[in-house]
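Structural features, examined
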Amino acid sequence: MPPATIASFLCRSCAVDYQNLLVADRGAVRQITINRPDKLNALNLQTLQELDAAFRAAREDASVRVVVLAGSGEKAFVAGADIAELATLSPVQAQAFSRAGQSLMRGIERSNKPVVARIQGFALGGGMELAMSCHLRIAADKARLGQPEINLGVIPGFGGTQRLTRLAGRAAALELCLLGAPIDAARGQALGLLNRVVPVDRLDEEVQAVADQLAAAAPVALAGILDAVTLGADCAMDPALEFETQAFALCCSTADMHEGTQAFLQKRKAVFSGR
Ligand code: COA
């Protein structure tokens, strides 16, 4: 059985056979792996469309609590938009390509289930943009990050100019985009682009530990945090604070809030049911 078919078989609710993705579930953690290692997992339109479908399926599947996004092979998370495809785009096709990437990444960013990027090797161009749309980024110490589009005579088109500025600030965003040189994982962490950096042989263990922690947490509270942080960032302070109040109040209607507070008071570990 070829790997993609095995992955589809393992995946509870994805009856879809993806050409460029592997999808597998481990408990409530769904791993979506971009699987074009011979092209360093470059994002062509087909891959963008498959990612969009896979993330939609994960959002709609109640048994999925966390998504891990990874790239196949040792060399790259994703080495960018597919340059062979990019080279042929007319301006109208380029608009559609940019919008497809932006829509996918906005969907990931606005997902109310946490998405963790597992970054090994290169995360360049569209790969960096994809990673930045995830909620947490865990990288191997040899990872290389960057926005090298300037070297191709274009600019980041999947939200990179905006997310990089918001995550790392204007000075770093301008440096990375204008000069196009990649940075190492240590600098990425110092700039706030990476949450954790670990030796490559500990990458899976670290990603798994974080994913398991998120999978065991109270999902309504996780969703409230994701929505308040992401949607709140697009609002003025007062509506954002009001949103936080409503999300906080919603948590107080859940069995998990009762369990979490009682477990603390009874000096035991909480076991959240997701209700
Ligand atoms: N789009 C399409 N194909 C890509 C790609 C991309 N973004 N990045 C790598 N590839 C392909 C290469 O063309 C090569 O394919 P081939 O074996 O059929 O020739 C294969 O992946 C391996 O890449 P290669 O360049 O041989 O590996 P390397 O280790 O020498 O270099 C990089 C790695 C990441 C430095 C280099 O591939 C690179 O600069 N990629 C482009 C990065 C970029 O500009 N991204 C932004 C795009 S908008």
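Predicted, not measured: the structure shown is a model, and the values here were computed from it.

So, how was this worked out
- Residues numbered from 1 in each chain as written.
- Predicted model: local features only at pLDDT ≥ 70, side-chain atom pairs only at ≥ 80, totals over all residues.
- Heavy atoms only, no water.
- Near = heavy atom within 4 Å.
- Polar contact = N/O pair within 3.5 Å; in protein donor to acceptor, adjacent residues only side chain to side chain.
- Areas by Shrake-Rupley, 256 points an atom, 1.4 Å probe, with all protein chains shown as cover.
- Nonpolar A, V, L, I, M, F, W, Y, C, P; charged D, E, K, R; others polar.
- Buried < 20%, exposed > 50% of the residue type's maximum accessible area, 1.4 Å probe, protein only.
- Pairing = 2+ DSSP bridges.
- Helix = DSSP H or I, 4+ residues; strand = E, 2+ residues; numbered from the N terminus.
- Axes fitted to C-alpha atoms, helices over the stretch in contact; angles between N-to-C directions.
- Parallel < 35°, antiparallel > 145°, perpendicular 65-115°, else oblique.
- Left-handed = near helix turned anticlockwise from the far one by under 90°.
- Contact = heavy atoms within 4.5 Å.
- Arc of directions from axis to C-beta.
- Core = buried A, V, L, I, M, F, W, Y, C linked by side-chain atoms within 4.5 Å.

Inspection of the region around the ligand gives 14 residues, with K39, K75, A79, A81 and I83 positioned closest. Contact distances for the ligand include 2.8 Å between a nitrogen atom and a backbone N or O atom of I83. Protein burial of the ligand: of its 860 Å² of free accessible surface, 59% is covered by the chains. For the shell around the ligand, the class distribution of residues is nine nonpolar, no polar and five charged.

What follows covers unusual backbone geometry. A positive phi angle, close to 50°, is found at L40, a residue other than glycine. Its relative accessible area of 23% is what places L40 among the partly exposed residues. The backbone of N41 shows a phi angle near 60°, a positive value even though the residue is not glycine.

Another aspect to go through is the sheet that holds strand 3 (residues 66-71). On the basis of which strands lie adjacent, the open sheet formed by six strands has the order 1-2-3-5-7-10 and mixed pairing. The sheet is open, and its two borders are formed by strand 1 (21-26) and strand 10 (196-198), each paired with just one other strand. Here the average twist between neighbouring strands, direction ignored, is 20°. Note: strand 2 (residues 29-34) against strand 3, six bridges, orientation parallel.

When two helices pack together, their arrangement is given by the angle between the helix axes and by the axis-to-axis distance. Where helix 5 (residues 126-133) contacts helix 6 (residues 160-168), the axes come no closer than 10 Å and their chain directions differ by 55°. The orientation of helix 5 relative to helix 6 falls into the category oblique. Where helix 5 crosses over helix 6, the two elements pack in a sense that is left-handed. Contacts between helix 5 and helix 6 involve E129, M132 and S133 from the first element and G160, R163, L164 and L167 from the second. Of the residues in the contact of helix 5 with helix 6, the class split is three nonpolar, two polar and two charged.

Right, let's talk about helix 12 (residues 255-265) for a bit. Those residues of helix 12 that fall on the buried side of the exposure criterion are D256, E259 and A263. Down the axis, helix 12 shows its buried residues gathered within 60° of arc, on one side only. Across helix 12 from its buried face, at more than 90 degrees, point the exposed residues H258, F264 and L265. Residues of helix 12 that are buried sit in contact with helix 10 (219-233).

For the rest of this paragraph, the subject is the nonpolar core. Counting 44 residues, the largest nonpolar core has L43, L51, F55, L69, F77, I119 and L130 as the members making the most contacts within it. Looking at this core, the element that brings in the most residues is helix 2 (residues 45-60), giving five residues. Residues contacting L43, with those up to four places away along its chain left out, are I34, L48, L51, V78, G80, A81, D82, F97, M105, G126, L130 and F158.

A word on the packing of helix 6 against helix 7 (residues 170-179). Contact geometry for helix 6 and helix 7: axes closest at 7 Å, N-to-C directions at 135°. Classified by the angle their axes make, helix 6 and helix 7 are oblique. Our pair here, helix 6 against helix 7, has a crossing hand that is right-handed. In this structure, helix 6 contributes L164, T165 and A168 to the contact, and helix 7 contributes R170, A172, A173, L176 and C177. The class makeup of the residues in the contact of helix 6 with helix 7 is six nonpolar, one polar and one charged.

Strand pairing in a sheet relies on backbone hydrogen bonds, with the paired strands running either antiparallel or parallel. Spatially, the four strands line up as an open sheet ordered 4-6-8-9, and their pairing is mixed. Each end of this open sheet is capped by a strand with a single partner; those strands are strand 4 (76-78) and strand 9 (183-184). With two bridges connecting them, strand 8 (residues 144-146) and strand 9 associate as antiparallel partners. Residue pairing for strand 9: L145 is matched across the bridge by I183.

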